[in-house]
Amino acid sequence: KSTLIRHLTGIYRPDSGTITIDGQPVWENAALKARIASIPDDWYYFNTASIRDMTRFYRGFYPNFSMERWEKLRDIFRLDEKRPIRRLSKGMQKQAAFWLSLSAMPDCLILDEPVDGLDPVMRDEMLEVFWDFVQDEEHSILMSSHITTDLERIADRITFLHRGKLLFCKPKDELLDRYGILRCGAADFAKIDKADILACRREDYQWSVLVADKEAARRKYRPQVLDDATIDDILLLVVKGEQNP
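Please read these numbers as outputs of a predicted model, since none were measured by experiment.

## Focus: the pattern of salt bridges
For the structure on display, the rule yields 18 salt bridges. One salt bridge in this structure joins Arg74 and Glu71, with 2.8 Å as the shortest N-O distance. With a gap of 3 residues between them, Arg74 and Glu71 both fall in helix 4 (residues 67-77), about one helical turn apart. The residue Glu81 makes a salt bridge to Arg74 at a minimum N-O spacing of 2.9 Å. Taken together, the shared-partner salt bridges in this structure form one network comprising Arg52, Glu71, Arg74 and Glu81.

Below is the structure:
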C-alpha cells in the first residue's frame, strides 16, 4: 500500500506503466502535485520546526493555501502552533499534518492509516472533517486503513490489496447491501451451486459461504441461515477461505 501511495504522489517513478490523475502523469508534474496533499504514516517535518514554521513552508509549495481555512481548523485541533512538533505526541503530530494538508486546499487527499494513534474523540472529529471535505463532490480522498469500520462509515468504494495483489475493487454499498454469508452444515454445503460461491470456509460445525446476492441466495437456499456481511467478514473469507471449492 505504501509503495502504491508513493507512486500516486510522485515520490517514486514507476519502472513500467503510468500513474495518472485526471489523465495527467504525476511524475515530475509540479502543477498536478500542487493539487494533491498526502499524509503518510511517517509524516515529515523539519526537526526544529513548529506548526507555524511548517505553515510557512506549506504556503510556499501550495499556491491555494488558505489561511482562512487554517484559522477555522485551529478551533478543531487546538494545538500549540509555536511548540516544536517533535515535542508533540504522535497523535498530535498527525493532527498537525491534517491541519496543514487541509489548509493547502487540495483537490485530492491521500492518506496512509490516517487515524492511527488518535483518541476516539479526535478520530470521530477527523472522520467528520473528511466527510465534509468530499461533500461537494469536487474533492476526493484515497485512504489506506486497516480500520474497516471507518471505511464503512465514509468510503464510496473499497479496494482490497493483499500481498501485493488486487483482490477486488467494489462500491461499498454493493458489498454491504448485496453480499451475504450463508451458514450451513456439510450436507447442505454439498448442494450449493458452485457458481454462487465467492469464497467459503469450514469452521467447527458449519460452513460459511460468501455470496454476491444475499436475497437471491435466501430464496434459493431456504431455510439455511443467511447473515449480512460486514467488510471484515468479506475480507476474512476472501483471504482465508477457498475461492474454488
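Next comes the rest of the account.
## Comments concerning a nonpolar patch on the surface
Taken together, Tyr44, Phe46, Phe57 and Phe61 make up a surface patch of nonpolar side chains, about 430 Å² in accessible area. Inspection of the secondary structure puts Phe57 in helix 3 (residues 51-61).

## Observations concerning the pairing of strand 7 (residues 165-171)
For strand 6 (residues 157-162) and strand 7, the ladder comprises 6 bridges, and the chain directions are antiparallel. Paired with His162 across the two strands is Lys165, which belongs to strand 7. Here strand 6 hands over to strand 7 after 2 residues, with Arg163 in that stretch at a positive phi of 55°.

## Here we look at unusual backbone geometry
For the bond running from Arg222 to Pro223, omega is 15°, close enough to zero to count as cis. Topologically, Pro223 is positioned in the loop between helix 10 (214-220) and strand 11 (225-228). One non-glycine residue, Glu113, lies in the positive phi region at around 50°. A positive phi angle, close to 55°, is found at Arg163, a residue other than glycine.

## Description of the packing of aromatic side chains
In this description, a pair of aromatic rings is defined by centroid distance and the angle of the planes. Applying the stated criterion to the full structure yields 11 aromatic pairs. On the basis of an interplanar angle of 70° and a centroid distance of 6.4 Å, the ring pair of Phe57 and Tyr58 is categorised as edge-to-face. Taking the relative accessible area as the measure of exposure, Tyr58 reaches 9% and is therefore buried. Aromatic ring contacts, followed pair by pair, group Tyr44, Phe46, Phe57, Tyr58, Phe61 and Tyr62 into a single cluster. A cation sits over an aromatic face here: Lys194 above Phe189, 5.9 Å from the ring centre.

## Some points on the packing of helix 5 (residues 90-103) against helix 6 (residues 120-134)
One can describe the packing of helix 5 onto helix 6 by two numbers: an axis separation of 12 Å at closest approach and a directional angle of 15°. Regarding the angle of helix 5 to helix 6, the classification is roughly parallel. Crossing hand, helix 5 versus helix 6: left-handed. Contacts from Gln95, Phe98 and Leu102 of helix 5 reach helix 6 at Met122, Met126, Val129, Phe130 and Phe133.

## Describing the environment of Leu127
Mapped onto the elements, Leu127 comes out in helix 6. Considered as a pair, Leu127 and Gln24 are 103 residues apart in the sequence and their alpha carbons are 29 Å apart. Once you skip the residues sitting within four places of it in the chain, Leu127 turns out to touch Asp150, Arg153 and Ile154.

## As for helix 3
Looking at helix 3, one finds that the buried residues are Ile51, Met54, Thr55 and Tyr58. All buried residues of helix 3 project into a common sector of 110° when viewed along the axis, lining one side. Opposite its buried face, helix 3 presents the exposed residues Arg56 and Gly60, each directed more than 90 degrees away. Check the buried side of helix 3 and you find it contacts helix 4 and helix 5.

Cut-offs and rules
Residues numbered from 1 in each chain as written. Predicted model: local features only at pLDDT ≥ 70, side-chain atom pairs only at ≥ 80, totals over all residues. Heavy atoms only, no water. Salt bridge = Lys/Arg side-chain N within 4 Å of Asp/Glu carboxyl O. Helix = DSSP H or I, 4+ residues; strand = E, 2+ residues; numbered from the N terminus. Patch = residues over 30% accessible without salt bridge, like charges linked within 9 Å, V, L, I, M, F, W, Y side chains within 5 Å. Areas by Shrake-Rupley, 256 points an atom, 1.4 Å probe, with all protein chains shown as cover. Pairing = 2+ DSSP bridges. Phe/Tyr/Trp six-rings, centres within 6.5 Å; stacked < 30°, edge-to-face > 60°. Buried < 20%, exposed > 50% of the residue type's maximum accessible area, 1.4 Å probe, protein only. Lys NZ or Arg CZ within 6 Å of the ring centre and 35° of its normal. Axes fitted to C-alpha atoms, helices over the stretch in contact; angles between N-to-C directions. Parallel < 35°, antiparallel > 145°, perpendicular 65-115°, else oblique. Left-handed = near helix turned anticlockwise from the far one by under 90°. Contact = heavy atoms within 4.5 Å. Arc of directions from axis to C-beta.

Nothing here speaks to function; it is geometry throughout.
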